[in-house]
Amino acid sequence: GQQVMQIPQYQHVQEGEDFTTYCNSSTTLSNIQWYKQRPGGHPVFLIQLVKSGEVKKQKRLTFQFGEAKKNSSLHITATQTTDVGTYFCTYNQGGKLIFGQGTELSVKP
Amino acid sequence: DGGITQSPKYLFRKEGQNVTLSCEQNLNHDAMYWYRQDPGQGLRLIYYSQIVNDFQKGDIAEGYSVSREKKESFPLTVTSAQKNPTAFYLCASSIGDRYEQYFGPGTRLTVT
């Protein structure tokens, strides 16, 4: 079935460095959502992208939806220790959310 | 204080026993979901319900059962038929299937 591949699986950065995670699909997605899960916690909704080529910003976080609606990215500028966690992309399929494997971000102070 | 509650936070059971995990929401959401998360993995959908008295199997429903008798409640039973029940179980709810999901704090189930 349709899947989304997330890369990288792990990313270790020095505090202040930038970070990007990518989500790729073999087929066109109607929308994409991003969630963040802190270590030991539960996923928290960050944003939903619906339009082709859409770009949304939340402070240091920038989310993009590709022109073909087959890929998406999340970019964090100047990472902080509070950014630590796993970032998941997801998409709706027939009433359910399909989750990518996630990118685990660790930030060294 | 609105939100989703799951209880208990940690649960220990012996192999061969059924166990029921609680999920309650006061957000007035129609849709509710159960996920399983294993270490270092993404979330896999067990069951979901878009309306009271109706629910559908997700990707890994074998060995699990649910009920949706009330809008606020969506309990999950892990039966003895589930081969590897030890996992982190997350419940979520949403206004509808195209909207963001709100997750509960989760229940860590350990079966020995």
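In case you missed it, the structure is sitting above this.
Residues numbered from 1 in each chain as written. Chains lettered and ligands numbered in written order. Predicted model: local features only at pLDDT ≥ 70, side-chain atom pairs only at ≥ 80, totals over all residues. Heavy atoms only, no water.

Q: Looking at this structure, how should I read the state of the cysteines?
A: Disulfide: a covalent bond formed between the sulfur atoms of two cysteine residues. All names here are of chain A. What the rule picks out here adds up to 2 disulfides over all chains. The partner cysteine of Cys23 in its disulfide is Cys89, sulfur to sulfur 1.9 Å. Looking along the S-S bond of the Cys23-Cys89 disulfide, the torsion reads about 70°, which is the right-handed sense. Of this pair, Cys23 sits in strand 3 (residues 19-25) while Cys89 is found in strand 9 (residues 85-93), placing the two residues 66 residues apart along the sequence. Both residues of the pair, Cys23 and Cys89, belong to the buried class. (Disulfide = S-S within 2.5 Å. Helix = DSSP H or I, 4+ residues; strand = E, 2+ residues; numbered from the N terminus. Buried < 20%, exposed > 50% of the residue type's maximum accessible area, 1.4 Å probe, protein only.)

Q: What is the right way to read the interface of chain B and chain A from this model?
A: Often, the extent of an interface is quoted as the loss of accessible area upon association of its parts. Facing the 22 residues of chain B at the interface are 22 residues of chain A. For the pair chain B and chain A, the two sides together bury roughly 1,600 Å², of which 48% comes from carbon and sulfur. Ranking the residues of chain B by area buried against chain A places Leu43, Arg98 and Phe103 of chain B at the top, with a combined share of 28%. Scanning the region where chain B abuts chain A turns up 1 salt bridge. Here chain B is connected to chain A by 4 residue pairs in polar contact (both at pLDDT 80 or more). (Contact = heavy atoms within 4.5 Å. Buried area = accessible area lost by both parts, 1.4 Å probe. Salt bridge = Lys/Arg side-chain N within 4 Å of Asp/Glu carboxyl O. Polar contact = N/O pair within 3.5 Å; in protein donor to acceptor, adjacent residues only side chain to side chain.)

Q: Where do I start with the pattern of salt bridges in this structure?
A: When their charged atoms lie close together, side chains carrying opposite charge are able to pair. All names here are of chain B. Applying the stated criterion across every chain, the model contains 6 salt bridges over all chains. Of the charged contacts in the structure, one is a salt bridge between Lys71 and Asp30, with a shortest N-O distance of 3.4 Å. In this pair, Lys71 is assigned in the loop between strand 7 (64-66) and strand 8 (76-78) and Asp30 in the loop between strand 3 (19-25) and strand 4 (31-37), connecting sequence segments 41 residues apart. Residue class for Lys71 comes out partly exposed when judged on its relative accessible area of 24%. Overall, the relative accessible area of 35% leaves Asp30 in the partly exposed class. When salt bridges with common partners are traced through the structure, they connect Arg36, Asp38 and Arg44 into a single cluster.

Q: In this structure, what is going on with the sheet that holds strand 3 of chain A? I would like to understand it.
A: To summarise the sheet geometry, strands pair through backbone hydrogen bonds and adopt either a parallel or an antiparallel arrangement. All names here are of chain A. What the 5 strands build is an open sheet, ordered 1-3-8-7-6; its pairing is antiparallel. Strands with a single pairing partner mark the edges of an open sheet, and in this sheet they are strand 1 (4-7) and strand 6 (55-58). With strand direction ignored, the average angle separating the axes of adjacent strands in the sheet is 15°. Examined bridge by bridge, strand 6 and strand 7 (residues 61-65) share 4 bridges and lie antiparallel to one another. The residue bridging Lys56 from the neighbouring strand is Phe63, located in strand 7. (Pairing = 2+ DSSP bridges. Axes fitted to C-alpha atoms, helices over the stretch in contact; angles between N-to-C directions.)

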